[in-house]
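What the coordinates show
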Amino acid sequence: MKLRATSSGPLAGAFPVPGDKSLSHRALIFGAVAEGETVIAGLLESEDVLATAGALRAFGTRVERFGPGRWRVIGGAWRSPEQPIDCGNSGTSVRLLMGAAAGQGVTATFTGDASLTRRPMRRVKAPLEAMGARFDGGDTLPLTVAGPVSRGIAHVNVPASAQVKSAVLLAGLGTNQPVEVAEPVPSRDHTEIMLAEFGAEVERQGTVVRLGARRRLSGRLITVAGDPSSAAFALGAAAIVPESEVTVRDVLLNPHRSGFIMALQRMGADLAMSNIRGQGGETIGDVRVRFGPLFGAEFTAEEIPSMVDEIPILAVVAAGARGETRIEGLDELRHKESDRLALMAEGLTACGVQARAEGDALVVTGGPVRGGATVRTDGDHRIAMSHLVLGLAAEQPVTVEDAEMIATSFPTFREAMREIRGRIEEVAA
Ligand code: S3P
């Protein structure tokens, strides 16, 4: 399916952001490990999260939907599924579930789509093997993991990956040996926060996360806040489409996820946060962006983990800013759902923007955006949504390929954009 975005008038109103993807995966998985019932409100019902729900059913967990975004999980002992578990496009599903399966002492084969079967799994396999899990297969999917884990670990999480950290901690729930993860550059900490909410003892000392003695989880109520990575498309659009003003309410404002908001502020965006409060150990609030002049900026490698999924939309914002933006330390972007560094440079260039990859940096020079191109996405949802936002600010429409993949993270993207008057339509193949 192809979608086309056309230069809109000002964007305005409240953007209905869906639930956070990272929290949704974790709420389901922790609920399946916990004793008793977990009730989830605001779950993101996207293909990636549904892949996790389906996998948990294959592990013998009762997972039920009882209303929009409202789910119930009855945790307990896991069983080894007979069939391979297909995680589709979802790296979070497969990496977290490998750790959880090892910790639960079951055996499972994992596979995925063309993108996921190309992505690196050695980073999760190596620490789980060190903990005593056994593997069959190479460094990419399909892979079979067999629990239980028998040894502790002191893992150094390089490159900073919240998925790997989460896999180690989930596996660690199945042993009473010392388990710790050190992070020279911190990755998102939702696992630590939510494990504690589920009753586990999680110690955090500087850059080290350690499981304490209490590793049993108890079912609970989890309310999932809005996804800042999805909100970024609306906030970024409002920043570059003249005369816009858009608000996103109840969005997750965890500092390890707020890099894009900080980046917009550094580029001079007219941005305000309000109604900031706590929810389930996380920080949430409302964000409002008004169109105004933006200026190019430099971003360093240490800043990337706090906006790792937002680099494509940051590159689009940079196209609407005055001067040059340089984003360093993007090697990890080559290992996401696509080679995001190469595809952003290619797509922006096709739309008449000066953009280039320089080693592991992306350099974008802002100015009027011509648009008028069809952009290759290699089936990557965030590449598609980012270029559609570019189309809302371009002189001529921008078309993206493989747009059905947007449903992996943001199935309501088009309706949500329509709500703030963004013009995005399906075009005949
Ligand atoms: C995620 C962690 C990030 C991010 C992904 C979701 C998570 O990957 O890109 O979309 O929920 O833990 P890393 O493992 O590279 O941190």
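Residues numbered from 1 in each chain as written. Predicted model: local features only at pLDDT ≥ 70, side-chain atom pairs only at ≥ 80, totals over all residues. Heavy atoms only, no water.

With mixed pairing, the four strands of this open sheet are ordered in space as E22-E23-E1-E24. The open sheet terminates on both sides in strands that have one partner only, identified here as strand E22 (374-375) and strand E24 (423-427). Where strand E1 (residues 2-6) lies against strand E23 (residues 398-400), three bridges are found, and the strand directions are antiparallel. Counterpart to Arg 4 in the pairing with E23 is Thr 399. Most of the contacts of helix H11 (residues 381-392) go to E1, to which it runs at about 30°, and overall it touches E1, E22, E23 and E24. (Pairing = 2+ DSSP bridges. Helix = DSSP H or I, 4+ residues; strand = E, 2+ residues; numbered from the N terminus. Contact = heavy atoms within 4.5 Å. Axes fitted to C-alpha atoms, helices over the stretch in contact; angles between N-to-C directions.)

On to the layout of surface pockets, then. Here the idea is plain: a probe the size of a water molecule rolls over the atoms and shows the empty space left. Computed from the structure, the largest pocket encloses a volume of approximately 670 Å³. What lines the largest pocket is a set of 38 residues, among which Ala 160, Ser 161, Val 308, Glu 332 and Lys 336 lie closest to the centre. Of all the secondary-structure elements, those providing two or more residues to the lining of the largest pocket are helix H1 (21-33), helix H3 (91-104) and helix H5 (162-172). Examining the composition of the lining of the largest pocket, we find that four residues originate from one element, H1, more than from any other. Per-domain counts for the lining of the largest pocket show at least three residues from each of domain 1 (2-19 + 225-427) and domain 2 (21-223). Considered as a void within the structure, the second largest pocket measures approximately 300 Å³ in volume. (1 Å grid on protein atoms, 1.4 Å probe; cavity = no way out; pocket = protein on both sides within 12 Å on 5 of 7 lines; lining within 4 Å. Points joined across faces, edges and corners; volume = space filled by probe spheres on them. Domains from an automatic or database assignment.)

With that out of the way, let us pick up the pattern of salt bridges. Where side chains of opposite charge bring their charged atoms close, a pairing between them can arise. Tallying each qualifying case throughout the model produces 36 salt bridges. Between Glu 358 and Arg 326 there is a salt bridge, with its nearest N and O atoms 3.1 Å apart. Here Arg 326 lies in strand E19 (residues 324-327) and Glu 358 lies in strand E20 (residues 354-358), a separation of 32 residues in the sequence. The buried category is assigned to Arg 326, whose relative accessible area is 19%. With its nearest N and O atoms 2.9 Å apart, the salt bridge here joins Asp 378 to Arg 376. Look at the salt bridges and you will find they share partners, linking Arg 119, Arg 188, Asp 309, Glu 337, Arg 340, Asp 380 and Arg 382 into a network. (Salt bridge = Lys/Arg side-chain N within 4 Å of Asp/Glu carboxyl O. Buried < 20%, exposed > 50% of the residue type's maximum accessible area, 1.4 Å probe, protein only.)

With that out of the way, let us pick up the side chain of Ser 166. With respect to the helices and strands, the residue Ser 166 is situated in helix H5. You can call Ser 166 buried: its relative accessible area is 1%. Here the side chain of Ser 166 touches Thr 191 through a polar contact of 2.6 Å, side chain to side chain. (Polar contact = N/O pair within 3.5 Å; in protein donor to acceptor, adjacent residues only side chain to side chain.)

Our focus in this paragraph is the environment of His 155. Note on placement: His 155 falls in strand E10 (residues 153-156). Along the primary structure His 155 and Glu 180 are separated by 25 residues, whereas in three dimensions their C-alpha atoms are 6.2 Å apart. Look past the residues within four positions of His 155 in its chain and what remains in contact with it is Pro 127, Val 164, Val 168, Glu 180, Val 181 and Ala 182.

So, on to the domain arrangement of the chain. Partitioning the chain into structural domains gives domain 1 (2-19 + 225-427) and domain 2 (21-223). Each side of the interface is counted separately: domain 1 has 28 residues, and domain 2 has 27 residues. Buried surface at the junction of domain 1 and domain 2, both sides included, amounts to about 2300 Å², of which 50% is carbon and sulfur. When the buried area of domain 1 at its contact with domain 2 is split by residue, His 256, Glu 337 and Thr 408 rank highest and sum to 23% of it. Our count for the domain 1 to domain 2 interface comes out at three salt bridges. Note that Arg 119 and Glu 337 form a salt bridge whose closest N and O atoms lie 3.8 Å from each other. Counting the contacts that link domain 1 with domain 2 gives 13 residue pairs in polar contact (both at pLDDT 80 or more). (Buried area = accessible area lost by both parts, 1.4 Å probe.)

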